[in-house]
Structure formats: structure tokens, C-alpha cells
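# Working through the structure, step by step
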Amino acid sequence: MSARHSEIASVEEFVRLRLSEDPAEYERSAWAGMPLGVWWQLVREHPQMRFWAAHNRTCPPEILAELAKDDDWRVRARVLGRRSCPPELLEQLADDPHDAVRNTVATHPRSPRSAVVRLVDDPWPVIAEAARARLANWPAQ
């Protein structure tokens, strides 16, 4: 939980905060933590909030893993767009059908080398070029 934001206690509270026009409440929906049970209830019962769950900076790894399987490419891309995205999720989505998701994998600083290698021959030239550029500048180990 962010020290600046009190914990969100329920799904209803998260939804209310997210839909609020008050910037402080909207910010709290993006930064405040929640109990794990509330996270699970949110992603299972409120599919329209899955993108915003992935947007929350305290979203736990097990919830991110669930959201990475979402049917909506925007949810998957939001999960991968996090700076703290686990490398295994980037690896998992390197073959995603949506180009925005694959492009995020190609350009993400935490993508495993093996995921980036799989994208050098991507059908979308922008992704293939990004992957080749990343590999050309890959740090020596």
C-alpha cells in the first residue's frame, strides 16, 4: 500500500473512486492497495474494471498474471506496460496476436532476451525493427 493513500476496502469503493471526477479519488484508485480477496473479486466480477486494476500501481503479481490472460488486448498491454511487469509475463505474451502487445514486449526494458529474439521476424516491421535494435544494444553478460 502506498503510504500516501489509505487501503481500499471493497470492490464498490474501488469502482466509485475510479469513476469519480475528483482527481484525488481517481488518484487513490491508481495508487492505493487492496486486500487480495478484493483484487480477486474485482477482476472476476467487474470485467469493465480489469484495465484499471492493471493500472493500479499496487496490483499484486498473481492478479497481473490473471490479467495477462484477458481477452481484451488493452488489458494485456496495460499489464505489460508497467515498469515492474514480471519478465515471465513478457515472455508469455511475446507471441500475442495483437501488435501493440508484441511491441510492448519488444521495447520493454525487463523483457527477457528470449522473448525479444522471438520478435526479430515479426510480421509488423516496426516490432521486428525494435526487437533487432534491442538485441544490438543488449548488455553483455
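As shown above, the structure is provided for reference.
A brief look at the structure comes next. (Residues numbered from 1 in each chain as written. Predicted model: local features only at pLDDT ≥ 70, side-chain atom pairs only at ≥ 80, totals over all residues. Heavy atoms only, no water.)

Check the secondary structure of the protein chain and you find ten helices and zero strands. Element order for the protein chain, N to C, with α for helix and β for strand: α-α-α-α-α-α-α-α-α-α. If you line up the protein chain on its principal axes, its C-alpha atoms span 45 × 30 × 25 Å. Within the protein chain, contacts between residues at least 6 apart in sequence are counted, and of these 46% link residues at least 24 apart. When the accessible surface of the protein chain is totalled, it reaches about 7,700 Å², and 53% of it is carbon and sulfur. Computed over 19 positive and 21 negative side-chain charges, the inter-centroid distance for the protein chain is 5 Å. (Helix = DSSP H or I, 4+ residues; strand = E, 2+ residues; numbered from the N terminus. Contact = heavy atoms within 4.5 Å. Areas by Shrake-Rupley, 256 points an atom, 1.4 Å probe, with all protein chains shown as cover. Lys, Arg positive; Asp, Glu negative; His and termini not counted. Charge placed at Lys NZ, Arg CZ, Asp CG, Glu CD.)

Secondary-structure assignment places Trp52 in helix α4 (residues 50–55). For the pair Trp52 and Leu17, spaced 35 residues apart in sequence, the C-alpha separation works out to 11 Å. Ignoring sequence-local partners within four residues, the contact set of Trp52 consists of Phe14, Arg18 and Tyr26.

What follows concerns helix α8 (residues 99–107). Think of an α-helix as 3.6 residues a turn; residues three or four steps apart then line up on the same face. Listed as buried for α8 are Val101, Arg102, Thr104, Val105 and Ala106. The inward-facing, buried residues of α8 contact α6 (73–80), α7 (87–92), α9 (113–117) and α10 (125–136). (Buried < 20%, exposed > 50% of the residue type's maximum accessible area, 1.4 Å probe, protein only.)

Ranked by internal contacts, the top residues of the largest apolar core, which has 39 residues, are Leu42, Leu67, Val79 and Leu80. Excluding residues that lie within four positions of it along the chain, Val79 makes contacts with Ala54, Leu64, Leu67, Ala68, Cys85 and Leu89. (Core = buried A, V, L, I, M, F, W, Y, C linked by side-chain atoms within 4.5 Å.)

Turning our attention to the pattern of salt bridges. Under the criterion given, the structure shown has ten salt bridges. Between Arg4 and Glu27 there is a salt bridge, with the nearest N and O atoms lying 3.1 Å from each other. Separated by 23 residues along the polypeptide, Arg4 in the segment before α1 (11–19) and Glu27 in helix α2 (residues 23–31) bring together distant segments of the chain. Taking the relative accessible area as the measure of exposure, Arg4 reaches 65% and is therefore exposed. Residue Asp122 is joined to Arg102 by a salt bridge in which the shortest nitrogen-to-oxygen separation is 2.5 Å. (Salt bridge = Lys/Arg side-chain N within 4 Å of Asp/Glu carboxyl O.)

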